[in-house]
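Residue-level listing of the chains:
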Amino acid sequence: VAQSPRPQDLSPVSQDETLLEERHLRYVSLLGKGNFGTVELCCYDPMGDNTGELVAVKKLQPNKHSTLEDFQKEVKTLSALHCDYIVKYRGVCYSMGRLTMSLVMEYLPYGSLIGYMENHRNSITIKRMLLFAFQICKGMEHLQTQRYVHRDLAARNILVASDSLVKIADFGLTKVIPSDKEYYRVTQPGESPIFWYAPESIGESRFSHKSDIWSFGVVLHELFSYCDINCNPKRLCMQEIGPNVQGTSISMLLLNALKNNWRLPVPPNCPPKVCSLIKQCWEYDFKDRPCFFILANQIETIMQDERENSKG
Ligand SMILES: C=CCCn1cc(-c2nc(Nc3ccc(C4CCNCC4)cc3)nc3[nH]ccc23)cn1
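Since the structure is predicted, the reported quantities are computational estimates derived from the model, not experimental observations.

*Asks:* I would appreciate a short explanation of the site of the ligand in the present structure.
*Replies:* Among the 17 residues in the neighbourhood of the ligand, the closest are listed as A56, E106, L108, G111 and L159. In the environment of the ligand, a nitrogen atom lies 2.8 Å from a nitrogen or oxygen atom belonging to the backbone of E106. L108 places a main-chain nitrogen or oxygen 2.7 Å from a nitrogen atom of the ligand. Out of a free accessible area of 640 Å², the ligand has 73% covered by protein chains. Split into classes, the residues belonging to the shell around the ligand amount to eleven nonpolar, three polar and three charged.

*Asks:* Hey, could you run me through a nonpolar patch on the surface in this one?
*Replies:* Together, L19, Y94, M96 and L99 give the surface a local cluster of nonpolar side chains, amounting to about 440 Å² of exposed area. Here Y94 is to be found in strand β4 (residues 89-95). The class of Y94 is partly exposed, set by a relative accessible area of 38%.

*Asks:* Help me out: how do you make sense of helix α4 (residues 126-145) in this one?
*Replies:* Note: α-helices contain 3.6 residues per turn, so residues at a spacing of three or four share the same orientation. Counted at 1.5 Å a residue, the expected span for α4 with its 20 residues is 28 Å, and the 29 Å between its end C-alpha atoms agrees. Immediately beyond the C-terminal end of α4, within one or two residues, lies R147, with a positive phi of roughly 65°.

Thresholds applied
Counting restarts for each chain: residues are numbered from 1 in the order of the written sequence. Totals for whole chains, interfaces and linings use all residues, but because this is a predicted model, local features are given only for residues with pLDDT of at least 70 and pairs of side-chain atoms are given and counted only at 80 or more. For side-chain calculations, the full set of non-hydrogen atoms in the structure is used, while hydrogens and water are omitted. We call a residue near a given molecule or strand whenever any one of its heavy atoms falls within 4 Å of it. Nitrogen and oxygen atoms within 3.5 Å of one another constitute a polar contact, given that in protein one can donate a hydrogen and the other can accept it, and given that sequence-neighbouring residues count only through two side-chain atoms. Areas reported as accessible are Shrake-Rupley estimates using a 1.4 Å probe. Residue values count occlusion only from the protein chains shown. Residues are sorted three ways: Asp, Glu, Lys and Arg are charged, Ala, Val, Leu, Ile, Met, Phe, Trp, Tyr, Cys and Pro are nonpolar, and all the rest, Gly among them, are polar. Put simply, a patch holds well-exposed residues, over 30% relative accessible area, that have no salt bridge, with like charges counted together within 9 Å and Val, Leu, Ile, Met, Phe, Trp or Tyr side chains within 5 Å. When a carboxyl oxygen of Asp or Glu is within 4 Å of a side-chain nitrogen of Lys or Arg, the pair counts as a salt bridge. Counting from the N terminus, the helices are DSSP H or I runs at least four residues long and the strands are E runs at least two residues long. In this scheme, a residue with accessible area under 20% of its type's maximum is buried, one over 50% is exposed, and one in between is partly exposed, where area comes from a 1.4 Å probe on protein chains only. Helix span, expected: 1.5 Å multiplied by one less than the number of residues in the helix.

In short, shape yes, function no, at least from these values alone.
Below is the structure:
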């Protein structure tokens, strides 16, 4: 008698719930655009009865910077990260018609940290900023345990899930550090966000957990500046190195300024303990910078002191 097929013998596709079908993804609106491609708000509704869930869909746009292979690495990275402070992976969707693929993630309703800080400038407390800083630090600590270097940590890549939760959201430039090394060296710098880069990343394209720490210091600067456009790291750096310079000399002039101990001016009204955290992240020699584990403890201590003070 012919055996009826066991469920596991059916087509493997139906078993893999991270392989989403394009026909169930309904476009709602555009969430973001960048050199990576576009991110759209969609409703994933396989039952076709509007009981679906809202998801963020990052569509690959193969261009001179990001190829299909880069995109597949980004999918692999995000699907391997499981942390409350990193945006959740929902799956991938291949659209055969246009021979492209999309990365499907959880939808974070409050958008980017930059827009959130601008819109809530009057209601955000130091305590709330410290909570956000702690969460980003814990997300980066998780990345470090998986030997990932983010390489593009910036407020623009932090998303807000609720009034008390932020998540790291963009892993387009993330690389795995080889097990026999402590750093990653890139060959094609591409569109580099050098104003968030550590000196060794600007000068030698050298990226490590310690260069992510430098960028975390810039994120603290953005956070405690309420992501104010007038304190934007790019604007402040360009003011320092002279507004009318062009091309590669910008990175060399910035590197010289950093070598001569110039740093971004600390944000106005920044608590002294946060200023010292930022300074530690901006030590010129990467060996003198703290790790994310130590920073998380220091931020927690500052949060406790803030609680004591506000009671006192
Ligand atoms: C990481 C930055 C670069 C790429 N990127 C990612 C996203 C993104 N956005 C959202 N939510 C979201 C919610 C509201 C708004 C609005 C729009 C109208 N103006 C006010 C703000 C914008 C975005 N959830 C997400 N999950 C995973 C990715 C993702 C967007 N761009």
